[in-house]
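Residue-level structure breakdown
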Amino acid sequence: MTPLERRCRWLLRAYPAWYRRDRAGEMLGTLLEASGPGQSWPSLRDARALVTGGLRVRGWTWSLSMLWVAAGTVGTGYDFYITTKPYTWADVSLGIEGWSTDPEAVRIAVVLATAASLALPIPALIAGFIRLRGWRLRGWPRIAAWAGAWIAGFALMYQAEIWGNYPANCPAIGGPQNCPAIGSPAVVSWGEMGICAAWLVLGAVLTWILAVPAHPPRTWR
Amino acid sequence: MREPTYFVLASLLDGPLHGYAIIQRTEELSGGRVRLATGTLYTALDRLAAEGHVELVREEIVNGRVRRSYGLTPHGAGALRAEAARMAEAARLVTDRGRDLKAGGPTRKTSPA
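Cut-off values and rules
Residues numbered from 1 in each chain as written. Chains lettered and ligands numbered in written order. Predicted model: local features only at pLDDT ≥ 70, side-chain atom pairs only at ≥ 80, totals over all residues. Heavy atoms only, no water. Pairing = 2+ DSSP bridges. Helix = DSSP H or I, 4+ residues; strand = E, 2+ residues; numbered from the N terminus. Axes fitted to C-alpha atoms, helices over the stretch in contact; angles between N-to-C directions. Parallel < 35°, antiparallel > 145°, perpendicular 65-115°, else oblique. Left-handed = near helix turned anticlockwise from the far one by under 90°. Contact = heavy atoms within 4.5 Å. Nonpolar A, V, L, I, M, F, W, Y, C, P; charged D, E, K, R; others polar. Phe/Tyr/Trp six-rings, centres within 6.5 Å; stacked < 30°, edge-to-face > 60°. Buried < 20%, exposed > 50% of the residue type's maximum accessible area, 1.4 Å probe, protein only. Lys NZ or Arg CZ within 6 Å of the ring centre and 35° of its normal.

Here we come to the pairing of strand β2 (residues 54-62) of chain B. Residues and elements named next belong to chain B. Across 8 bridges, β2 lies against strand β3 (residues 65-72) in antiparallel orientation. Residue pairing across strands places Glu60 opposite Arg67, the latter belonging to β3. The hairpin formed by β2 and β3 contains 2 residues between the paired strands, and Asn63 there has a positive phi angle of roughly 55 degrees.

The next subject is the packing of helix α2 (residues 17-34) of chain A against helix α3 (residues 38-50) of chain B. Two elements in contact, α2 of chain A and α3 of chain B, have axes separated by 10 Å at closest approach and are oriented at 135 degrees. The angle between α2 of chain A and α3 of chain B falls in the class oblique. Both α2 of chain A and α3 of chain B take part in a crossing whose hand is right-handed. Where α2 of chain A approaches α3 of chain B, its residues Tyr19, Arg23, Glu26, Met27, Thr30 and Leu31 of chain A are matched on the opposing element by Thr38, Gly39, Tyr42, Leu45 and Asp46 of chain B. A class-by-class count of the residues in the contact of α2 of chain A with α3 of chain B yields 5 nonpolar, 3 polar and 3 charged.

In this section: the sheet that holds β3 of chain B. Pairing within the open sheet is antiparallel, and its 3 strands lie in the order β1-β3-β2 (chain B). Edge positions in the sheet fall to β1 (17-18) and β2 of chain B, since each of these pairs with one other strand and no more.

A complete count under the given rule lists 3 aromatic pairs over all chains for this structure. Measuring from centroid to centroid gives 5.0 Å for Tyr15 of chain A and Tyr19 of chain A, while their planes differ by 15 degrees, and the two rings are stacked. Tyr19 of chain A shares its class with Tyr15 of chain A; the two are buried. Seen from their ring centres, Tyr6 of chain B and Phe7 of chain B are 5.5 Å apart, and the 85 degrees between their planes marks the pair as edge-to-face. Taking the relative accessible area as the measure of exposure, Tyr6 of chain B reaches 18% and is therefore buried. Aromatic rings pair up to connect Tyr15, Trp18 and Tyr19 of chain A into one cluster. Lying across the ring of Trp41 of chain A, Arg7 of chain A places its NZ or CZ 3.7 Å from the centre. Geometry around Trp62 of chain A places Arg58 of chain A over its ring, the cationic atom sitting 4.6 Å from the centre.

It is worth spelling out the environment of Gly38 of chain A at this point. Within the fold, Gly38 of chain A resides in the loop between α2 and α3 (44-58). Taking the C-alpha atoms as reference, Gly38 of chain A lies 9.1 Å from Leu4 of chain A; in sequence the two are 34 residues apart.

Along the chain, the position of His18 of chain B falls in strand β1. In this view, His18 of chain B contacts Glu33 of chain A together with Arg67, Arg68 and Ser69 of chain B; residues no more than four positions away in its chain are not counted.

The quantities given are spatial measurements derived from coordinates; they are silent on function.
Structure (structure tokens):
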């Protein structure tokens, strides 16, 4: 397998598995034929078209759900990032540890991820159920998983509010177990770790649920 | 109908073609203006097949990979002809007034002051 073929195969993973089973070999042949001699990377134009084509086939419900999961993952990733820095008095007044010394880029990423994770659940939930209408009754495990994943997701968001942020007066009262001392590195509580793990599970579940085509796939055979 | 779709359908007028041949023929017919990326071509083929404009005609194995050839359906040929007629009609609006254009614009009657 040439490096070009390997990279093209990797790009074709933008398409869902059910689509790749039918079309990947044919598309790969066309990609290789359309490439120039000695070319070892797909062109930027081809790469962009494959990614947008893959997203189109997966559907906007999938994209919206994955964006939500990605936003949640950024948020939980931030929980681990802040363990590398000491807890300061400035953080106490903000209620978010590490925030006062975070680089601008990190703050922007966290604000965007927070905004997305708050804004997307309802649209993604509605979009998912609209799409579920196209499924037959025999797809009930996926429907149940979809509903279950969302109940779990909302429960996590509620818990994240409790576990994710330290109380503003945490050091003053010597308070809950997860309060770090001023100047010591922040810690990630078991609850926060649970949330991180749950986000990954939730993402996998949503991916599995939405991996089937919204409508019966048209086959070329 | 968008220009790439028009040229994809037009490329199949002379008979069925496989993916890469459609890309080549489309570029040739459009004078190099429409250069389809592979992903764009298959998105277009999926849509055109769903609309009944193209169909799978032949399937063969080349270098261990499936190669499919697509052909124009009667419905697709009709849609292509209708689009060509519409564009010709639109072009006629301008070409029929060629003399005006050559003279530097339409002649206007000016009222005496």
